[in-house]
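Working through the structure, step by step
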Amino acid sequence: MATLLFDYCVNLSKKIQGVSTSALQEFDASLLTCKREENGELLFALYADNKELSIWLPIKLRKLLTIHSNELKREQEGVRGEKTKSGLNIQTFPPGSNVHPIFETGCPELGRFGESIKVDIKSREDFDGILFALTKMFPDLEVRNTMDQKFKKNISEIVQQLRARKNVILCGAPGTGKTFSVAPAAVQLVDPSMDIEDRVGVIRKYRELVEKGRILFTTFHPSMDYEDFVEGFKPFRDGSFNIVDGIFKSICRRALREQNLLNDLRGSLATARNIVKVVLSGEEKEISSGKVVELNLYGNDPSQGLAKTNKKRETIFSSQISKGDVILSASGATSVNGIGIVISDSLTTDKTKFSVKWCYAGRPISVDDLCNKTEFNQGPSFEILPDFNREVLADRLDVPFLLVIDEINRGNVSKTFGELITLLEPDKRQFELSEVSVTLPYSKESFTVPSNLYILATMNTADRSIGSMDYALRRRFSFYRLVPYPVPSADFEKQLFQQVSAFFVEGVNEDLNTLRRSKYLSEDFKPEDVWVGQSYFFKEAGRNNISERFKFEIKPILEEYINDGVLKEDARGLLKAIEEHVEIQCSPQSR
């Protein structure tokens with residue numbers, strides 16, 4: 001844990017503006033110092049060995065550190081104005097009592113603090129508390145949590161391509177992170193506010209979206225055909241054959257249903273007499289798109305509908321509501337998580353109950369800039385918003401669906417998609433200017449691809465079956481290439497990565513235009529198509545060292561490359577040399 005957190009700190013330090021950083025690694029320990037660029041003042045030092053991670057600061061900052069870490073704790077717990085005890089373990093040390101000789105070499109300034117404080121960091125929560133406090137103590141600095149910035153940039157560009165082109169193929173050699181990138185890209189597409197640095201949270205959100213039918217995952221293979229993917233006759237136990245929707249048609253139906261609801265909503269936003277903000281309570285807070293509910297604008301039991309307020313006032317209010325009005329369900333001070341249409345006149349003589357069809361239910365949409373912010377925040381349980389910006393809200397409505405196709409080039413793509421290849425183009429989708437529909441061969445239904453369906457596929461460029469990707473299909477996809485790179489992580493075996501990369505390129509860099517082919521690589525192959533990726537070089541829990549990964553995962557690929565002519569025969573000598581080096585490095589005597 002200490003090593004991982006220290007690596008997180010190192011990555012973070014690269015994004016601290018106005019501070020110079022230096023890292024020192026020796027004595028089986030690591031030290032990172034952060035100083036002001038203009039005067040060299042030491043602000044804090046981070047220390048890590050195999051057992052602990054700690055931050056060292058001047059004694060004068062102890063009070064501020066405690067106050068601000070408590071402030072974060074209260075904020076996370078939702079407590080206001082209540083003092084809570086800090087969970088940080090803070091110790092005081094007199095001058096010259098640093099815990100390790102590494103300080104004498106790497107951080108002699110620490111003694112100039114006079115008394116110093118040491119804070120043990122045991123978890124990510126501790127570290128977040130420290131970061132929060134640092135931003136308060138040094139307001140002129142910009143301190144941001146960071147992750148592998150190359151990976152973060154890749155995800156951002158992938159999502160941009162998805163939104164622009166609808167269909168994207170992640171291509172690259174084995175181990176370049178194609179499948180690993182799918183979950184964060186999918187989650188960012190559906191919910192741009194999601195923090196992709198939280199891998200656990202990303203996977204949890206991804207699985208939630210799969211369960212809701214918003215994401216569908218499949219893997220192409222040589223036996224996949226049109227009947228599996230679009231529609232076809234399937235046998236049943238009674239001996240009959242019936243037409244069954246395939247993978248693609250199924251997710252298109254779900255996406256089309258949501259798209260039609262949003263189009264109905266956009267039409268109502270343009271014509272509605274009133275835009276109404278409501279605060280739901282009880283069972284009515286459970287909103288789902290397409291659901292028709294009866295909203296009770298006033299009742300003795302608030303759980304029956306809207307939160308209870310003044311009866312006389314709300315009766316006057318409800319008399320203004322009519323069929324076709326739009327209802328916004330407030331999910332906080334500045335956003336809505338449900339939008340519906342009033343589909344009936346009042347169901348009661350006192351005009352307090354209406355039928356509402358929810359057309360949008362999903363991630364909260366910010367609306368505080370679309371109306372009088374004070375009115376939206378401070379108004380009663382329901383309120384008519386006279387100056388609401390309807391056009392902008394209509395533009396913000398989006399319920400994306402994603403089809404993930406792993407190993408797309410392992411299948412006969414033209415045969416699998418059939419006549420639907422034309423419909424994949426962004427401008428040929430439903431409701432677009434050049435919309436195209438086809439009649440399906442089995443069901444004889446008219447079919448079009450909805451504009452809110454996205455396709456994210458992966459393609460292994462080292463696979464010889466790449467040749468089956470014809471130009472007609474390639475024209476309808478955007479190709480995003482993932483290239484191996486050294487990951488700034490303490491768990492990444494950078495030296496072995498560089499040694500193995502020598503089979504493919506001379507020198508390691510991320511610029512495809514400046515890659516120089518290795519003398520070991522056959523002229524028939526591009527380095528970026530076969531270069532073994534970075535995922536093979538991470539230490540894994542349960543393994544003592546990298547030798548197992550090299551022996552059972554990396555070496556077999558390289559041997560197969562030599563046998564297949566991807567690497568030249570003289571690459572065997574380099575492979576043997578690397579193998580011997582790994583064995584020596586991982587032997588008990590070298591530890």
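First things first, this report covers the structure right here in the doc. Counting starts from 1 at the beginning of each chain's written sequence and moves along it residue by residue. The predicted nature of this model means local features are confined to residues of pLDDT at least 70 and side-chain atom pairs, given and counted, to a pLDDT of 80 or more, with totals for whole chains, interfaces and linings taken over all residues. Side-chain measures here rest on the full set of heavy atoms in the structure, leaving out hydrogens and waters.

Description of the packing of aromatic side chains
Paired rings are identified among Phe, Tyr and Trp, the last through its six-membered ring, by centres lying within 6.5 Å, and are further divided according to the angle between planes into stacked (under 30 degrees), edge-to-face (over 60) and tilted (the rest). As enumerated under the stated definition, the model contains 16 aromatic pairs in all. Here the aromatic rings of phenylalanine 151 and phenylalanine 180 are separated by 5.5 Å at their centres, their planes lie at 55°, and the arrangement is tilted. Of the two residues, phenylalanine 151 is situated in helix α5 (residues 149-165) and phenylalanine 180 in helix α6 (residues 178-190); the sequence distance between them amounts to 29 residues. One aromatic cluster is present, formed by Phe220, Phe229, Phe248, Phe417 and Phe447 through successive ring pairs. Looking at arginine 199, its charged tip hangs above the ring of phenylalanine 180, at a distance of 3.7 Å from the centre. Helix numbering and strand numbering both begin at the N terminus, where a helix is a DSSP run of H or I of at least 4 residues and a strand a DSSP run of E of at least 2. Criterion for a charge above a ring: Arg CZ or Lys NZ at most 6 Å from the ring centre, at most 35 degrees from the ring normal.

Observations concerning the pattern of salt bridges
The term salt bridge refers to a side-chain nitrogen of Lys or Arg lying within 4 Å of a carboxyl oxygen of Asp or Glu. Considering all chains together, one arrives at 24 salt bridges under this definition. The shortest N-O distance in the salt bridge between lysine 249 and aspartate 245 comes to 3.0 Å. Glutamate 569 is the salt-bridge partner of arginine 572, the closest N and O atoms lying 2.4 Å from each other. In this structure, a network of salt bridges that share partners links the residues Glu231, Asp245, Lys249, Arg253 and Glu445.

Overview of the pairing of strand β10 (residues 241-245)
Paired strands, in this sense, are two strands between which DSSP finds at least two bridges. With five bridges connecting them, strand β9 (residues 231-235) and β10 associate as antiparallel partners. Bridge pairing links phenylalanine 233 to isoleucine 243 in β10. Counting the residues between successive antiparallel strands, the hairpin from β9 to β10 contains five residues, one of them, glycine 239, with a positive phi of roughly 90°.

Here we look at the packing of helix α17 (residues 547-564) against helix α18 (residues 571-585)
Axis definition: a line fitted to C-alpha atoms, over the contacting stretch in the case of helices. Angles run 0 to 180 degrees between N-to-C directions. α18 packs onto α17 with a crossing angle of 175° between their chain directions and a minimal axis gap of 11 Å. Classed by the angle they form, the pair α17 and α18 counts as roughly antiparallel. Taking contact as the criterion, the partners of Ser547, Phe550, Lys555, Leu558, Glu559, Ile562 and Asn563 in α17 are, on α18, Ala571, Arg572, Leu575, Ile578, Glu579 and Val582. The residue classification treats Ala, Val, Leu, Ile, Met, Phe, Trp, Tyr, Cys and Pro as nonpolar and Asp, Glu, Lys and Arg as charged. All others, Gly included, are polar. Here the contact of α17 with α18 is built from residues that sort into seven nonpolar, two polar and four charged. Here roughly perpendicular refers to angles of 65 to 115 degrees, roughly parallel to angles under 35, roughly antiparallel to angles over 145, and oblique to all remaining angles. Between two residues, a contact is recorded if the distance between any of their heavy atoms is within 4.5 Å.

Describing the nonpolar core
We define the nonpolar core as a collection of buried residues of types Ala, Val, Leu, Ile, Met, Phe, Trp, Tyr and Cys that are connected through side-chain atoms lying within 4.5 Å of one another. Only protein chains enter the calculation, and the probe is 1.4 Å; a residue is then buried if its accessible area is under 20% of its type maximum, exposed if over 50%, and partly exposed in between. One finds Phe503 and Phe504 to be the most contacted residues of the largest nonpolar core, which totals 60 residues. Examining the composition of this core, we find that seven residues originate from one element, α6, more than from any other. The residues contacting phenylalanine 503, other than those within four sequence positions of it, are Ser518, Tyr520, Leu521, Leu558, Leu567, Ala571, Leu574, Leu575 and Ile578. Leu269, Leu385, Phe417 and Leu424 belong to the second largest nonpolar core, which has 55 residues in total.

Topic: the sheet that holds strand β14 (residues 335-342)
Read from one edge to the other, the open sheet built from six strands follows the order β12-β15-β14-β13-β11-β16, with strand pairing classed as mixed. Whereas interior strands pair on both sides, the edge strands pair on one side only; in this sheet they are β12 (292-296) and β16 (382-384). Between one strand axis and the next, the sheet turns by 35° as a mean value, whatever way the strands run. Where β14 and strand β15 (residues 353-366) come together, seven bridges link them in antiparallel fashion. Residue pairing across strands places valine 336 opposite isoleucine 365, the latter belonging to β15.

Side note on the environment of phenylalanine 538
Residue placement: phenylalanine 538 occurs in the loop between α16 (527-530) and α17. On the basis of relative accessible area, phenylalanine 538 is assigned to the partly exposed category, the value being 23%. Along the sequence, phenylalanine 538 and arginine 549 sit 11 residues apart, while their C-alpha atoms lie 8.8 Å from each other. What phenylalanine 538 contacts, discounting residues up to four positions off in sequence, is Val487, Ser489, Asp491, Phe492, Ile546 and Arg549.

Some thoughts on unusual backbone geometry
If you check the backbone angles, lysine 166 has positive phi at about 75° while not being a glycine. Note that lysine 166 resides in the loop between α5 and β7 (167-172). Lysine 166 gets classed as buried once you look at its relative accessible area, which sits at 11%.

Let's talk about the environment of valine 483
With respect to the secondary-structure elements, valine 483 resides in the loop between β21 (478-481) and α15 (494-501). Owing to a relative accessible area of 12%, valine 483 belongs among the buried residues under this scheme. For the pair valine 483 and glutamine 534, spaced 51 residues apart in sequence, the C-alpha to C-alpha distance is 8.8 Å.

Some details on the sheet that holds β7
Spatially, five strands are ordered β8-β17-β20-β7-β21 in an open sheet, and the strand pairing comes out parallel. Because the sheet does not close on itself, it has two edges, and the strands there are β8 (215-219) and β21. Within the sheet, the average angular offset between the axes of one strand and its neighbour, ignoring direction, is 20°. Judged from the five bridges that link them, β8 and strand β17 (residues 401-406) form a sheet pairing that is parallel. Opposite isoleucine 215, over in β17, you have leucine 402 as the bridge partner. On the sheet, helix α9 (residues 247-271) packs against β8, β17 and β20 (453-460) and is oriented at approximately 165° with respect to β17.

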